[in-house]
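# Structure at a glance
Chain by chain, the residues:
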Amino acid sequence: MPKRIIALGASNLTRGFQTIVATSRQEWGRDIEVIAALGHGRSYGSESRVLARTLPGILQSGLWRQLAQLPAVSTRVLLTDVGNDILYGFSPAQILEWVEEALNRLERYSNDIVVTGLPRVGLTDISAPKFLFFRSLLFPRCRLTFSEVAESARIVNEGLMTLAHARGARFVPLRAEWYGVDPIHIRPSRWQPAWREILCGEPRPGRDRMPFMEGWRLYAMRPEHQRIFGVEWGAAQHGVALRAGGRVWLY
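Remember, predicted model here, so these are calculated numbers, not experimental data.

### Description of the sheet that holds strand S5 (residues 75-79)
- Read across the sheet, seven strands follow the order S7-S6-S5-S1-S2-S11-S10 without closing on themselves; strand pairing throughout is mixed. Only two strands of the sheet have a single partner each, and these edge strands are strand S7 (170-172) and strand S10 (240-241).
- For strand S6 (residues 113-116) and S7, the ladder comprises three bridges, and the chain directions are parallel. Note that in S7 the partner of Val115 across the bridge is Phe171.
- In the packing of helix H5 (residues 92-106) onto the sheet, the strands contacted are strand S1 (4-8), S5 and S6, and the crossing angle to S5 comes to about 175°.

### Here we look at the sheet that holds strand S9 (residues 231-232)
- Spatially, four strands are ordered S3-S4-S8-S9 in an open sheet, and the strand pairing comes out antiparallel. The open sheet has two edge strands with one neighbour each: strand S3 (48-50) and S9.
- Looking at chain direction, strand S4 (residues 53-55) and strand S8 (residues 227-228) are connected through two bridges and run antiparallel. Bridging across to S8, Arg53 finds its partner in Ile228.

### A few points about helix H10 (residues 212-220)
- Among all positions of H10, only Glu214, Gly215 and Leu218 are buried. Taken down its axis, H10 places every buried residue within 100° of arc, on the same side. Opposite the buried face of H10, by more than 90 degrees, sit the exposed residues Phe212, Met213 and Ala220.
- For H10, the elements touching its buried residues are helix H2 (17-28) and strand S11 (247-250).

### Considering the pairing of S6
- Across the two faces of S6 the burial is the same, with Ile113 and Val115 and Val114 and Thr116 all buried.
- The pairing of S5 with S6 spans three bridges and is parallel. From the neighbouring strand, Leu79 faces S6, where its bridge partner is Val115.

### Thoughts on the pairing of S11
- Strand direction decides the pairing type here: strand S2 (residues 33-37) and S11, joined by four bridges, are parallel. Bridge pairing links Ala36 to Leu250 in S11.
- The pairing of S10 with S11 spans two bridges and is classified as antiparallel. Across the sheet, the residue bridging to Ala241 is Arg247, located in S11.

### Structural notes on the pattern of salt bridges
- Within this structure, the stated rule accounts for 13 salt bridges.
- The salt bridge partner of Arg25 is Glu214, with a shortest N-O separation of 2.8 Å. Taken together, the positions of Arg25 in helix H2 and Glu214 in helix H10 put the pair 189 residues apart, joining distant regions of the chain. No difference in accessibility class separates Arg25 from Glu214, as the two residues are buried.
- Glu100 serves as the salt-bridge partner of Arg167, at 3.5 Å between the closest nitrogen and oxygen. Placement of the pair is Arg167 in the loop between helix H8 (146-166) and S7 and Glu100 in helix H5, with a sequence separation of 67 residues.
- A network of salt bridges, in which partner residues are shared, links Glu100, Glu107 and Arg167.

### Looking at the nonpolar core
- If you look at the biggest cluster of nonpolar residues, it comprises 38 residues, and the most contacted ones within it are Leu8, Leu63, Trp64, Leu79, Val82, Val115 and Leu160.
- Mapped onto this core, the elements with two or more residues apiece are S1, S2, helix H3 (63-69), S5, helix H4 (84-87), H5, S6 and H8.
- When residues in this core are grouped by element, the largest group, seven residues, is from H5.
- With near-sequence residues (within four places) excluded, Leu79 lies in contact with Leu8, Tyr44, Val99, Ala102, Leu103, Leu106, Val114, Val115 and Thr116.
- By size, the runner-up hydrophobic cluster in this structure holds 31 residues, among which are Ile20, Leu78, Leu174 and Met221.

Calculation criteria
- Residues numbered from 1 in each chain as written.
- Predicted model: local features only at pLDDT ≥ 70, side-chain atom pairs only at ≥ 80, totals over all residues.
- Heavy atoms only, no water.
- Pairing = 2+ DSSP bridges.
- Helix = DSSP H or I, 4+ residues; strand = E, 2+ residues; numbered from the N terminus.
- Contact = heavy atoms within 4.5 Å.
- Axes fitted to C-alpha atoms, helices over the stretch in contact; angles between N-to-C directions.
- Buried < 20%, exposed > 50% of the residue type's maximum accessible area, 1.4 Å probe, protein only.
- Arc of directions from axis to C-beta.
- Salt bridge = Lys/Arg side-chain N within 4 Å of Asp/Glu carboxyl O.
- Core = buried A, V, L, I, M, F, W, Y, C linked by side-chain atoms within 4.5 Å.

Now the structure itself:
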């Protein structure tokens, strides 16, 4: 029975974070610890910026230092949202090298690891105009073509599957029905079944609801390090205790 969740990801993890915390608490109890490195547009190995906010790469975050300081407990790992680095122009080989390094580090703390694939297996079932719209909206600096991104996504998705299987991790393909008009982000109406299936390995229904104010408190939490308009905004992480149970660290 996990007592700690380590979660690595980007915008999907950020948007669904309150659901993940609520699901973990319902499934494994009020003492659950959730340690996450996330953020919109987050890169695994490079600094990333969305609008005015800049975050360090997940591999460069303070999460690893914190894990080394905490006592060992039963832990489940969630590694997701790998696709951003394709749109930042990094090669599939580089992206998979970063993921492999993350897995090497994570295996020091757990052999219970969940790896998700890319949304819609590389955007291959959306039109080129729709791709161009979302590329311009979400990654305005990207100049990669639809075919280039689709091919890189295919390679990365296959690489993630191979890495997961080689290490005995559970690989979870992302279901097309979890998405709507937006081909990248899981629909809010599907957060509960999607994250329960990803995190717990089964799509059964649950009451994974978080009190409204607690959910906003989580969404407003500041990570240990970020820059806004170039100014550092730090927040020491001591594990925020939630009223309904559980503690959260954010990096």
